[in-house]
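# An overview of the molecular structure
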Amino acid sequence: MHRFNEPVAMRELLREWRIQRLKIAFVPTMGNLHEGHISLIERARSLADRVVASVFVNPTQFGPSEDYAAYPRTLERDAGFLQAAGTDVLFTPTIASIYPFGETEAWVDVPSLSGILCGAVRPGHFRGVATVVARLFNHVAPDVAVFGEKDFQQLLLIRRMTVDLGFPIEIVGAPTARDADGLALSSRNQYLSADERHRAGAIYRALKGVAAGVLADGNIPAHTASATAALEADGFRPDYVEVRSALTLQPPAPGEQALVVLAAAWLGRARLIDNLRFTRS
Ligand code: PAF
């Protein structure tokens, strides 16, 4: 596995691969990797000849009350996982190579997707995500980039940004990796106590209950309200449980078929998010 801190040297290697007509897939991460990330690398390997992964803890997607400094940095462990999974390049850019002037002026944003759901409670978060992903895309210039469907709002925002800015990159969503009880794998799960971890599968069960209920009788407000109440009874503090269009994340139009139920809820110190897509006929 090649490792680069600076984009210039990395681009030399990637240019050679492109001359050889090798297809390049990219998996951006913030490190602190788990099996869910490894499944993204495996998906990337199935789609391309070479896989580039980045580890960059992006300061602009952390809010003032979110602890950027305390985000777990486990680079050598991450590098071991990535190498074992068959990653060809590990890109760990310096802050200065992503934000040369420190504070950035040229933000990238997709307001219709960045201000709702998680964006409503994490102002500025998705603008930071879109900005850093655009810069990483410029440095890596992959043919395809893989993002987890667990962060469904992020995936749709990046798809929209990619099309709007004309990046010639295919965006692929990879299915959420789950533990046996349905809990979506996330680096945030490490903040759960043993007792909280025991209860955390309730979030996925709540999503399945909403989807089944909406398919049975179409009553979205009743099923999201009862899922919220069930999560509260289990000790969660939900930010939202919502059914939205799976294409736009706006409230579904009557008769709209491709839907997604999304939830974000605090359990102890961990803010868990999850989603489930379903199709009504
Ligand atoms: O999903 C993440 O880990 C991050 O939001 C991303 C896409 C790597 C941007 O920093």
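A quick note: this is a predicted structure, and the numbers were derived from the prediction, not measured.

Here is what the cut-offs are and how they apply
- Positions within a chain are numbered from 1, following the residues in the order the chain's sequence is written.
- Confidence filtering applies because this is a predicted model: local features only for residues at pLDDT of at least 70, side-chain atom pairs given and counted only at 80 or more, and all residues used for totals across whole chains, interfaces and linings.
- Side-chain numbers come from the whole structure's heavy atoms, not from hydrogens or water.
- Within this document, salt bridges are pairs made up of a side-chain nitrogen of Lys or Arg and a carboxyl oxygen of Asp or Glu, the two lying within 4 Å of each other.
- Accessible area is worked out with a 1.4 Å probe on protein chains only. A residue is then buried under 20% of its type maximum, exposed over 50%, and partly exposed in between.
- Proximity is defined per residue: any heavy atom of the residue falling within 4 Å of a molecule or strand makes that residue near it.
- Whenever two N or O atoms come within 3.5 Å, that pair is a polar contact, provided that in protein one can donate a hydrogen and the other can accept it, and provided that, for residues adjacent in sequence, both atoms are side-chain atoms.
- For the area figures, the Shrake-Rupley method with a 1.4 Å probe applies, and any residue is considered shielded solely by the protein chains shown.
- Only DSSP runs of H or I with at least four residues qualify as helices, and only runs of E with at least two residues qualify as strands; both kinds are numbered from the N terminus onward.
- Each residue is assigned to one class: nonpolar for Ala, Val, Leu, Ile, Met, Phe, Trp, Tyr, Cys and Pro, charged for Asp, Glu, Lys and Arg, and polar for all the others, Gly among them.
- Each Phe, Tyr or Trp ring (for Trp, its six-membered ring) is paired with any other whose centre lies within 6.5 Å, and the angle between the two planes then decides the class: stacked below 30 degrees, edge-to-face above 60, tilted in between.
- Our definition puts a charge over a ring when NZ of Lys or CZ of Arg is within 6 Å of the ring centre and also within 35 degrees of the ring normal.
- DSSP-based pairing: two strands are paired if at least 2 bridges between them are found.
- Only C-alpha atoms enter the line fits that serve as axes; for helices the fit covers just the stretch in contact. Angles between N-to-C directions range over 0 to 180 degrees.
- Residue contacts follow a heavy-atom distance rule, with two residues in contact if any of their heavy atoms lie within 4.5 Å.

## Overview of the pattern of salt bridges
The full count for this structure, using the stated rule, is 12 salt bridges. Residue Lys150 pairs with Asp151 through a salt bridge whose shortest N-O separation is 3.7 Å. Residue Lys150 is classed as buried on the basis of its relative accessible area, which comes to 15%. The class for Asp151 is partly exposed, based on a relative accessible area of 27%.

## Here's the deal with the site of the ligand
With respect to spatial proximity, the complete set of residues near the ligand consists of Pro28, Thr29, Met30, Gln61, Val129, Val132, Val133, Phe147 and Gln154. One of the side-chain N or O atoms of Gln61 is found 2.6 Å from an oxygen atom in the ligand. Between an oxygen atom of the ligand and a side-chain N or O atom of Gln154, the distance comes to 2.7 Å. The protein chains hide 87% of the 290 Å² of surface that the ligand would expose on its own. Of all the secondary-structure elements, those providing two or more residues to the shell around the ligand are strand S2 (24-29) and helix H7 (125-140). The dominant element in the shell around the ligand, judged by the number of residues it contributes, is H7, at three residues. Here the residues of the shell around the ligand sort into six nonpolar, three polar and no charged.

## Side note on the packing of aromatic side chains
Evaluated as defined, the whole model comprises six aromatic pairs. Judged by centre distance (5.4 Å) and plane angle (70°), the ring pair of Phe62 and Tyr68 falls under edge-to-face. With a centroid separation of 5.4 Å and an interplanar angle of 85°, the aromatic rings of Phe137 and Phe167 are classed as edge-to-face. One end of the pair, Phe137, is in helix H7; the other, Phe167, is in the loop between helix H8 (152-164) and strand S6 (170-174), with 30 residues separating them in the sequence. Take Phe137: its relative accessible area is 2%, and that puts it in the buried class. Across the ring face of Tyr68, the terminal group of Arg73 is positioned such that the distance to the ring centre comes to 4.8 Å. The ring of Tyr204 has Arg178 lying over it, and the distance from NZ or CZ to the ring centre is 3.7 Å.

## Here's the deal with the sheet that holds strand S4 (residues 89-91)
Taking strand neighbours across the sheet as the criterion, the six strands line up as S1-S4-S3-S2-S5-S6 in an open arrangement whose pairing is parallel. One side of each edge strand has no neighbouring strand; the edge strands of this open sheet are strand S1 (2-4) and S6. For this sheet, the mean inter-axis angle between neighbouring strands, taken without regard to orientation, is 25°. For S2 and strand S3 (residues 50-55), the ladder comprises six bridges, and the chain directions are parallel. Bridging from a neighbouring strand, Phe26 pairs with Val52 of S3. Strand contacts of helix H2 (residues 35-47): S2, S3, strand S5 (144-148) and S6, with the helix running at about 155° to S5, the strand carrying the most contacts.

Interpretation in functional terms is not warranted from these geometric data alone.
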